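Reading the structure
Given next are the chains, with one letter for each unit.
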Amino acid sequence: MAAFPWHARSRNYASESEVCKLESVPLDFGDYHPLKPITVTESKTKKMNRKGSTSSTSSSSSSSMMDPLSSVLDGTDPLSLFAAAADPVTTTAAMDSTRKKRDKDDSSAVGSDFEPWSSKRGEILARYTTTEKLSINLYMGSEKGKATTAGSAVSEKVRTRLEELDDLEEGSQKELLNLTQQDYMNRIEELNQSLKDAWSSDQKVKALKIVIQCSKLLSDTTVIQFYPSKFVLITDILDTFGKLVYERILSMCVDNRVSLPDNFSPESVNDTAKETCLNWFFKIASIRELIPRFYVEAAILKCNKFLSKTGISECLPRLTSMIRGIGDPLVAVYARAYLCRVLLTEMMERCKKLGNNALLLNSVMSAFRAEFIAARSMDFIGMIKECDESGFPKHLLFRSLGLNLALADPPENDRLQILNEAWKVITKLKNPQDYINCAEVWVEYTCKHFTKREVNTVLADVIKHMTPDRAFEDAYPQLQSIIQKVITYIYDFSLLFSVEKFLPFLDMFQKESVRVEVCKCIMESFIKHQQESTKDPVILNALLHICKTMHDSVNALTLEDEKRMLAALINGFIKMVSFGRDFEQQLSFYVEARSMFCNLEPVLVQLIHSVNQLAMETRKVMKGNHSRKTAAFVRACVAFCFITIPSLSSIFTRLNLYLHSGQVALANQCLSQADAFFKAAVSLVPEVPKMISVDGKMRPSDAFLLEFLCNFFSTLLVVPDHPEQGVLFLVRGLLNVIQDYTWEDNSDDKVRIYTNVLHLLSAMTQEAYIYHVDKVDSNDTLYGGDSKFLAEINKLCETVIAQILDHLKTLGKEETLKRQSQLALYFFNTILAHGDLRNNKLNQLSVNLWNLAQKHGFADTKTMVKTLEYIKRRSKQPEMSHFTDLALRLPLQSRT
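Within any chain, residue numbers begin from 1 and follow the written order of that chain's sequence. Local features in a predicted model are, by the rule used here, given only for residues with pLDDT of at least 70; side-chain atom pairs are given and counted only at 80 or more, and totals for whole chains, interfaces and linings are based on all residues. Only hydrogens and water are set aside; all other atoms, that is, all heavy atoms of the structure, feed into the side-chain values.

Digging into the overall build of the chain
What counts is decided by this rule: Runs of H or I in DSSP of at least four residues are treated as helices and runs of E of at least two as strands, each being numbered from the N terminus. Between buried and exposed lies partly exposed: a residue is buried under 20% and exposed over 50% of the maximum accessible area for its type, with that area taken using a 1.4 Å probe on protein chains only. Any two residues whose heavy atoms approach within 4.5 Å at even a single point are treated as in contact.
Along the backbone of the chain there are 41 helices and 6 strands. Per-residue burial over the chain gives 44% buried out of 896 residues. Relative to all contacts within the chain whose residues are 6 or more apart in sequence, the contacts with residues 24 or more apart total 72%.

Rendered as structure tokens:
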């Protein structure tokens, strides 16, 4: 086969760059901006009724429209005020407003931080459900005595209503069986609505019957897992009833449209209201069954305020005693819960007077909102101190208190006293498990509100209690929790490591797996919170020790994911270490780190990148003009990389690092060192396996090798020839390696690589290269366009073209014709971009390749059309007239 000589076209990169630039067009946006909000204006036309008047149009923003009369009157006018004063609906609305305000004040009697029942209610209903069938008893009594006339005697009223209550207890009942949970809830809601309807229609006794009937349902514990939800549903009805009775009596106290003040006294309540209130309590007292009598009285317990200041306190002991008569323990517990719900403050006051209230206190601190507990911390501490410890240990009470204080802050003035009172009890605990369970909770409180002095004292106390008899071995989870809390609140690591007992505390983690987890937590916190680089020797020594602990845990059984995680944490630390302009100290740190973390490959890779960056920072400081000292320093950096890269196992990691490090050496004028890196890369190419592991999956390596070689070619353009080696010795060596490499039979990557070599060789023939390395003379300067140098390049081009054409011939079989078409067009485009088509042989070769691409109908017609259009456009440029003749010789063939 005849050799095709290569003639690269001369390039003027500066002019080509100018031609390719986008045309700049000056734009005047004025007030317009695409991100400016759009203002919509409203136009209105005003027409005057007078004869001869003209219509006028005004435009204004709709947001600025305002009625001047309304603005003067501030939304009110005297006539409206008089009408409102005479309107009973308005009066009722005013009462409703007052009532809502009073309800709000009542709910905040225990503080705004108290968690309302409404927030618990939904949670209980969602949690306690059932698929079992439920039953409900509905009262089917008579409807006699719905209302009484105004002239009836009071005694007649009382007698009639008592008869109705008897009728309730003796009347017939209808039992609904096999109800689903949703059916049951619907029935309860119907009863709730019936209660409201009866009340609004002045059927007060009927309303009471409904409440009694619902209260009886709480004695049924057949479906026990649904009982909490049943309790919520029934007590909703009780709450509604209690509210209706209270508001009814309150409305009777209104005098001259003036309602009672918020904190009214019984003396300000009129006799009619008091009589009605007593009447309700008498009705309830006549209920025969215990459970409905208890619940209904508890529901209206608040109404005692109308009778006596101490009415509620006097009723509590009696109601509490009534609960003892309930036989079912579950029903009794929920009855006590309801009593606590409707007047909690009085219950707490009563509990303070009892000696053995530890269990109740613990329940309160576990169930109530943290803000509520924290605001009353000293009160709870006082109650805890007075508790009898025989039934419930005090340290558990302090633990419950500490859990709340971890979530909410106590008053600032009480914080130190709270800690002192708690720690007095905690430090006296003899049992290590009891001690650590309590101390773990209070460490967070200490870290949150105090300085490192108090934290150090607490850590010292923990070490003192947990070291004897190696008690710490049974408390690793709690000790880990303590470390986590300390680093959560003290994330300034210079401050953290100045806590004297912090590192001794870490020594208690003797079990390797636990110790590594703790070290990981510390490093994660450091990477997350450390904003600036550090050179603090205390931090460096401590974190090097922690990273070394993580590194030394790696063995043959360690999972790859675990290795990656540990390496990422260590790399995060390495990146945060900076000694500023003390580059030698920085390099010493990297050398030490390399010796400490040699088993984690990603760490070694990071160290190589960091040292390369250090060399480039040195170059930047010296502005490329190295002194004898800095030149020696960058050579030391280069040497670090050169001896570290071979220890890596991943072949592509080594190839890329050889290339990257060679580029750094070249930029720092270390030419012999750069040649050594590039030679090492060339010698490593034959070792590239056919398949490599990528993200745990085996994949062909051809694409990765092609990418690497293309990057390598871009670098070789500016690498000057060694005076003792032949012309283009690195390019020749790389071509020999590519020639000898065993490629897959179905791969065309070898030809694609050769085509890229043509790009490189074409760029090498130019008088001035497209790019250079500062203060490094490339071959364009060294050879100055010498004819012998250009002849050597052309010989290499001929060899490469021959290899490409040979490969195209091997693709002449039917099953490879599509690949042949694609490669022919690829090679054609290379000649079009880099070849001098004024040469007849090269011109004819391009025509042959064009025809070959279309010969068997596998060429993409759109691509061919666009390519031809490009050639025609190029022909109109200066010195490109020969493209006109070429375009005429390139026919477009249809697929048919």
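Comments concerning the environment of Leu761
Of note, Leu761 is situated in helix H35 (residues 749–764). With near-sequence residues (within four places) excluded, Leu761 lies in contact with Leu728, Val731, Ile793, Leu796 and Cys797.

Details of the packing of aromatic side chains
Basically, it comes down to this: Centres within 6.5 Å make a pair out of two Phe, Tyr or Trp rings, where for Trp the six-membered ring is used; the pair is then stacked when the planes are under 30 degrees apart, edge-to-face when over 60, and tilted otherwise. The criterion for a charge sitting over a ring is simple: Lys NZ or Arg CZ within 6 Å of the ring centre, and within 35 degrees of the ring normal.
The tally for this structure, following the rule as stated, stands at 34 aromatic pairs. On the basis of an interplanar angle of 45° and a centroid distance of 6.5 Å, the ring pair of Phe472 and Tyr476 is categorised as tilted. In this structure, Phe472 and Tyr476 share a single accessibility class: buried. Clustering of aromatic rings is evident, with ring pairs tying together Phe493, Phe497, Phe502, Phe526, Phe573, Phe579, Phe589 and Tyr590. If you follow Lys302 out to its NZ or CZ, it ends over the ring of Tyr246, 4.4 Å from the centre.

What to know about helix H34 (residues 729–740)
Side chains of residues three or four places apart in an α-helix project in the same direction, reflecting 3.6 residues per turn. Keep this limit in mind: One fewer than the residue count of a helix, multiplied by 1.5 Å, yields its expected span.
The end-to-end C-alpha distance of H34 is 17 Å, a good match for the 16 Å that 12 residues give at a rise of 1.5 Å each. Taken as a whole, H34 has its buried residues at Phe729, Leu730, Val731, Leu734, Leu735, Val737 and Ile738.

Looking at the side chain of Gln181
Its place among the elements puts Gln181 in helix H7 (residues 181–200). Setting aside chain neighbours within four positions, we find Gln181 in contact with Thr129, Thr130, Leu134 and Phe226.

Section: the pairing of strand S5 (residues 691–694)
Cut-off, in case you're wondering: Following DSSP output, two strands are said to pair if at least two bridges run between them.
Burial along S5 is one-sided: the residues Ile692 and Val694 are buried and none of Met691 and Ser693 is. Across 4 bridges, the pairing between S5 and strand S6 (residues 697–700) is antiparallel. Paired with Met691 across the two strands is Pro700, which belongs to S6. The antiparallel pairing of S5 with S6 creates a hairpin that spans 2 residues between the two strands, and Asp695 there sits at a positive phi of about 55°.

Let's talk about the pattern of salt bridges
The test is simple: Whenever a carboxyl oxygen of Asp or Glu lies within 4 Å of a side-chain nitrogen of Lys or Arg, that contact is scored as a salt bridge.
Under the defined criterion, the tally for this structure stands at 19 salt bridges. A salt bridge links Asp220 to Lys230; the shortest N-O distance between them is 3.8 Å. Separated by 10 residues along the polypeptide, Asp220 in the loop between helix H8 (204–216) and helix H9 (227–252) and Lys230 in helix H9 bring together distant segments of the chain. The class for Lys230 is buried, based on a relative accessible area of 6%. Residues Lys385 and Glu421 are paired through a salt bridge, measuring 3.5 Å at the closest nitrogen-oxygen approach. With Lys385 in helix H17 (residues 377–386) and Glu421 in helix H19 (residues 415–426), this residue pair connects regions lying 36 residues apart in the sequence. Relative accessible area serves as the criterion here: at 15%, Glu421 is assigned to the buried category. The structure contains a network of salt bridges with shared partners spanning Glu517, Lys520 and Glu562.

Here's the deal with the packing of helix H38 (residues 817–834) against helix H39 (residues 840–854)
Keep this limit in mind: Lines are fitted to the C-alpha atoms to define the axes, a helix being fitted only along its stretch in contact, and any angle between axes, read from their N-to-C directions, falls within 0 to 180 degrees. By the definition adopted for this analysis, an angle is roughly parallel if under 35 degrees, roughly antiparallel if over 145, roughly perpendicular if from 65 to 115, and oblique otherwise. Crossings are assigned a handedness: left-handed for a near helix turned anticlockwise from the far helix by less than a right angle, right-handed for a clockwise turn.
Running from amino to carboxyl end, H38 crosses H39 at an angle of 150°, the nearest separation of the two axes being 8 Å. Judged by the angle between their axes, H38 and H39 are roughly antiparallel. As H38 packs across H39, the resulting crossing turns out to be left-handed. Where H38 abuts H39, its residues Gln820, Ser821, Ala824, Leu825, Phe827, Phe828 and Ile831 lie against Leu842, Leu845, Ser846, Leu849, Trp850, Leu852 and Ala853.

Digging into the confidence of the model for the chain
So the rule is basically this: Known as pLDDT, the predictor's per-residue confidence is scaled from 0 to 100.
When pLDDT is averaged across the chain, the result is 83; 82% of the residues are at 70 or more. Considering only residues more than four positions removed or in separate chains, one finds that residues 43–109, a stretch of pLDDT under 50, has 43 contacts. Here residues 168–172 is modelled with pLDDT under 50, and outside its nearest four sequence neighbours on either side it reaches 11 contacts, counting other chains as well.

A few points about the packing of H9 against helix H10 (residues 271–285)
Geometry of a packed helix pair, given as the angle between the helix axes and the separation of the axes. How we decide: Throughout, the ten residues Ala, Val, Leu, Ile, Met, Phe, Trp, Tyr, Cys and Pro are labelled nonpolar, Asp, Glu, Lys and Arg are labelled charged, and all others, Gly among them, are labelled polar.
Contact geometry of H9 with H10 gives a least axis separation of 8 Å together with a crossing angle of 155°. One element, H9, and the other, H10, form an angle in the roughly antiparallel class. The two elements H9 and H10 meet at a crossing, and its hand is right-handed. Residues Phe241, Val245, Ile249 and Met252 of H9 form the contact with H10, whose participating residues are Thr272, Ala273, Thr276, Cys277 and Trp280. Tallied by class, residues from the contact of H9 with H10 come to 7 nonpolar, 2 polar and no charged.

Quick word on the state of the cysteines
The test is simple: Defined by distance alone, a disulfide is two cysteine sulfur atoms within 2.5 Å.
All told, the structure shown has 0 disulfides when counted by the stated rule. Free of any disulfide, Cys641 has its nearest neighbouring cysteine sulfur in Cys637, separated by 7.2 Å. Under the relative-accessibility criterion, Cys641 is labelled buried at 0%.

Remarks on unusual backbone geometry
If a residue is not glycine, its phi is most likely negative; likewise, a peptide bond is most likely trans. At Asp469, a residue that is not glycine, the phi angle is positive and equals roughly 60°. Examined against the element boundaries, Asp469 turns out to sit in the loop between helix H21 (452–466) and helix H22 (476–489). On the basis of relative accessibility, which here comes to 79%, the residue Asp469 falls in the exposed class. Within the chain, Leu728 stands out as a residue other than glycine whose phi angle is a positive 50°. Topologically, Leu728 is positioned in the loop between helix H33 (702–716) and H34. Here Leu728 falls in the buried class, since its relative accessible area comes to 2%.

Notes on helix H30 (residues 628–644)
In this model, H30 (17 residues) spans 25 Å end to end at C-alpha, consistent with the 24 Å of a helix rising 1.5 Å per residue. Regarding H30, the residues found buried are Thr630, Ala631, Phe633, Val634, Cys637, Val638, Phe640, Cys641 and Thr644.

Details of the nonpolar core
What counts here: Only buried residues count toward a nonpolar core, which is a set of Ala, Val, Leu, Ile, Met, Phe, Trp, Tyr and Cys residues joined through side-chain atoms within 4.5 Å.
Trp442, Val462 and Phe573 are the most contacted members of the largest nonpolar core, which totals 199 residues. Not counting the four nearest positions on each side in its chain, Phe573 is found in contact with Met523, Phe526, Ile527, Leu540, Leu543, Leu544, Cys547 and Phe589.

Points about the side chain of Thr276
Rules: Definition of a polar contact: a pair of N or O atoms within 3.5 Å, with one able to donate and the other able to accept a hydrogen when the atoms are protein atoms, and with sequence-neighbouring residues admitted only if both atoms are side-chain atoms.
Within the fold, Thr276 resides in helix H10. Among the polar contacts made by the side chain of Thr276, one reaches the main-chain carbonyl oxygen of Thr272 at a distance of 2.9 Å.

Quick look at the environment of Leu244
Tracing the chain through its elements places Leu244 in helix H9. Take Leu244: its relative accessible area is 18%, and that puts it in the buried class. Excluding residues within four positions of it along the chain, Leu244 makes contact with Leu195 and Trp199.

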